[in-house]
Amino acid sequence: MADRKKSGNRQHRQKDVAGSPAVGHGSGTSPEPATAPSARPAGYVIWVTLAVLLGLAAAIAWWVARPVAPAASPEVPAATSRAAYVDNRQCLDCHQEQAGQWQQSHHSRAMAAPTAESVLGNFDNAEFRHRGIASRFYKRDGKFMVRTDGPDGKLADYEVAYAFGVSPLQQYLIALPGGRLQALQIAWDVEQQRWFHLLPKESARPGDVLHWTGRYQTANTMCIACHTTAYEKRYDATSGQFDSRWKEPNVSCQSCHGPGGHHVQWADSFKAGKVRPDQAGENRGLSVSLKAGDAGKQVDVCAGCHSRRSDLSALAVPGEPLLDHYLPVLLSEGLYHADGQQLDEVYVDGSYRQSKMYQKGVACSNCHNPHTCLLYTSPSPRDGLLSRMPSSA
């Protein structure tokens, strides 16, 4: 009996194990059969994916197109216009004292059309011989002429286009094809009153860069910029031609004071009783103030020409930083003596910047009258030389 009861219990437990899970086992409730998950159709998944992507696209489009208030920014000053160059006679008419001084200076006669007043050389059939070439200087129909060897090596007659410089020598520019102005190498010695050759030891023949018709003697690239006002080289590298231009054929007021257009407007408005306001960096409409007591700025204005340098820009404007437009040469062997003094044609600036005067704030105009270009003498009609020196000197 006992054996049968144990056997029945084992069979009952085995039946429970083999049946459904024991949820509610012994509680009187019947367990629910387990069901397998049904598979989603492929089309359903695709449509859901597309719906999600469309939703994202719509959200991005809304974000991009939403109205956005402009971000606060600092106030930007109104754009300023660069002053134009004016006819130099406008300067001379108003500033007559300075005009009288300037008209006697080397600056005013740095370059000029050939006239009986501007040409200092002997053009009365004067002859000069160099390396077997006899050059003749004469006049024809009121024009100043030179008969000398041309680019082909043959003697030809050339008209002088410009008298160049005034002292201690004067050169003459000849116009050749391609807009080139060539500096004749035979120059007039103003002090000795004679013709002489600038390169007496050279025997440069036509075709040589050192011949007066060669590239090294093209005044458009070598000289004219510092003998004119607002010079523009206008060289076309493709054709090899020049279309050079300038505002004044000399070193005029605006070469140092800067373009005078705004100053003329200021002067006219002053006369009318309603003064034109200056733009940033201007003083009475001028971009250069040479009375500010800043020796560095004044020397930078002068050094645009009174230095040996290379050009970095097509048009330098007075008053702008020197190094924005020029690359001055260093104190190199062959150009300077070992102590820094001038050896070759370096045009003062490099040596002057090494001096104690410059370091103490002495500017060019402390010693030179800026309009006559002459040294002040003491005593003078103006204050003595020492009174013009800065207190630091």
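Before any of the text, the structure's been laid out above.
This structure is a prediction, so every number in the text was calculated from the model and none was measured.

Caption draft 1: Spatial organisation of empty space enclosed by the protein. By the definition in use, this model includes one cavity of 30 Å³ or more. Its volume calculated, the largest cavity comes out at about 230 Å³. What lines the largest cavity is a set of 18 residues, and nearest its centre among them are His 130, Asp 149, His 197, Ala 204 and His 211. Looking at the lining of the largest cavity residue by residue, the classes come out as seven nonpolar, seven polar and four charged.

Caption draft 2: Spotlight on the pairing of strand 6 (residues 169–176). Taken across its eight residues, strand 6 has six buried, putting it largely inside the fold. Relative to strand 6, strand 5 (residues 155–164) is paired through four bridges, and the arrangement is antiparallel. Within strand 6, the residue paired with Ala 163 across the bridge is Tyr 172. The hairpin turn running from strand 5 into strand 6, its antiparallel successor, is four residues long, and Gly 165 in that turn takes a positive phi close to 85°. Across two bridges, strand 6 lies against strand 8 (residues 186–189) in antiparallel orientation. Of the residues in strand 8, the one forming a bridge with Gln 170 is Trp 188. Linking strand 6 back to strand 7 (residues 180–183) in an antiparallel pair, the connection comprises three residues, with Gly 178 at a positive phi of about 85°.

Caption draft 3: Here's a closer look at helix 8 (residues 295–303). Looking at helix 8, one finds that the buried residues are Ala 295, Gln 298, Val 299, Val 301 and Ala 303. Where helix 8 is buried, its residues touch helix 6 (253–257), strand 12 (309–311), helix 9 (322–325), helix 10 (349–352) and helix 11 (356–359).

The rules behind these values
In every chain, residue numbers begin from 1 and rise along the written sequence. With pLDDT at 70 or above as the cut-off, local features in this predicted model cover only qualifying residues; side-chain atom pairs require 80 or more to be listed or tallied, and sums for whole chains, interfaces and linings still use all residues. As a rule here, side-chain values cover all heavy atoms of the structure and leave hydrogens and water aside. As defined here, a cavity is a set of points on a 1 Å grid over the protein atoms alone where a 1.4 Å probe fits but cannot get out. A pocket is an open set with protein on both sides within 12 Å along at least five of seven lines, and residues line them when an atom is within 4 Å of a point. Grid points are joined across faces, edges and corners, and a volume is the space filled by probe spheres set on the points. Just so you know the grouping, Ala, Val, Leu, Ile, Met, Phe, Trp, Tyr, Cys and Pro go in nonpolar, Asp, Glu, Lys and Arg go in charged, and all remaining residues, Gly too, go in polar. For every residue, the accessible area (1.4 Å probe, protein chains only) is compared with the maximum for its type, and the residue is labelled buried under 20%, exposed over 50%, or partly exposed between those bounds. By definition, any uninterrupted DSSP run of H or I lasting at least four residues is a helix, any uninterrupted run of E lasting at least two residues is a strand, and each is numbered from the N terminus. Strand pairing is assigned whenever DSSP detects at least two bridges linking the two strands. Two residues form a contact once any of their heavy atoms are found within 4.5 Å.

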